[in-house]
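# Observations on the three-dimensional arrangement
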Amino acid sequence: MTENLTENPNETVATTGKPSNASQRRDEPLSTAVIDAVADAAGVEPAELGASLYDQIDPDALDNLFSDRHNGQPRGTGHVAFTLLEYEVTVYSDGQVVVHD
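Conventions and cut-offs
Residues numbered from 1 in each chain as written. Predicted model: local features only at pLDDT ≥ 70, side-chain atom pairs only at ≥ 80, totals over all residues. Heavy atoms only, no water. Helix = DSSP H or I, 4+ residues; strand = E, 2+ residues; numbered from the N terminus. Contact = heavy atoms within 4.5 Å. Areas by Shrake-Rupley, 256 points an atom, 1.4 Å probe, with all protein chains shown as cover. Buried < 20%, exposed > 50% of the residue type's maximum accessible area, 1.4 Å probe, protein only. Core = buried A, V, L, I, M, F, W, Y, C linked by side-chain atoms within 4.5 Å.

Moving on, we come to the overall build of the chain. When you go through the chain residue by residue, the secondary structure sums to two helices and five strands. The helix and strand sequence of the chain, counted from the amino end, reads β-β-α-α-β-β-β. Nonlocal contacts in the chain, meaning residues at least 24 apart in sequence, comprise 47% of its contacts between residues at least 6 apart. On the chain, roughly 6,000 Å² of surface is accessible, and the fraction owed to carbon and sulfur atoms is 45%.

One can find Thr-90 in strand β4 (residues 87-92). Classification of Thr-90 as buried rests on a relative accessible area of 7%. Discounting chain neighbours no more than four positions away, the residues touching Thr-90 are His-79, Val-80, Ala-81, Gln-96, Val-97 and Val-98.

This brings us to the nonpolar core. In terms of nonpolar packing, the biggest core is built from 20 residues, with Val-34, Leu-84, Val-89 and Val-91 touching the most fellow members. Take this core: its biggest share by element is seven residues, from helix α1 (residues 30-42).

With that settled, the discussion passes to unusual backbone geometry. Look at Leu-85: it is not a glycine, yet its phi comes out positive at around 55°. Residue position: Leu-85 is located in the loop between β3 (79-84) and β4. The partly exposed category is assigned to Leu-85, whose relative accessible area is 39%.

Structure below.
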């Protein structure tokens, strides 16, 4: 996961998933990237997070939401937002994960 701190100190931006023109990204499930990004924002290890992603969103559904179609064609653009712990998490179709506290 690539992490960039933005101008907003209360925001963590993590990128993962498919490669894009902006940067090369590791190929990991979006659900893993979300847990890692929220753990980074909370300042803890992912195992110490104390919350289950499944309580807010189905991790398998999240992983498949922006994956390529069965014919190999990419899905359209979009995003999904939800709350995990006290953080607002937004996951974009390009693999970017933004965490706001």
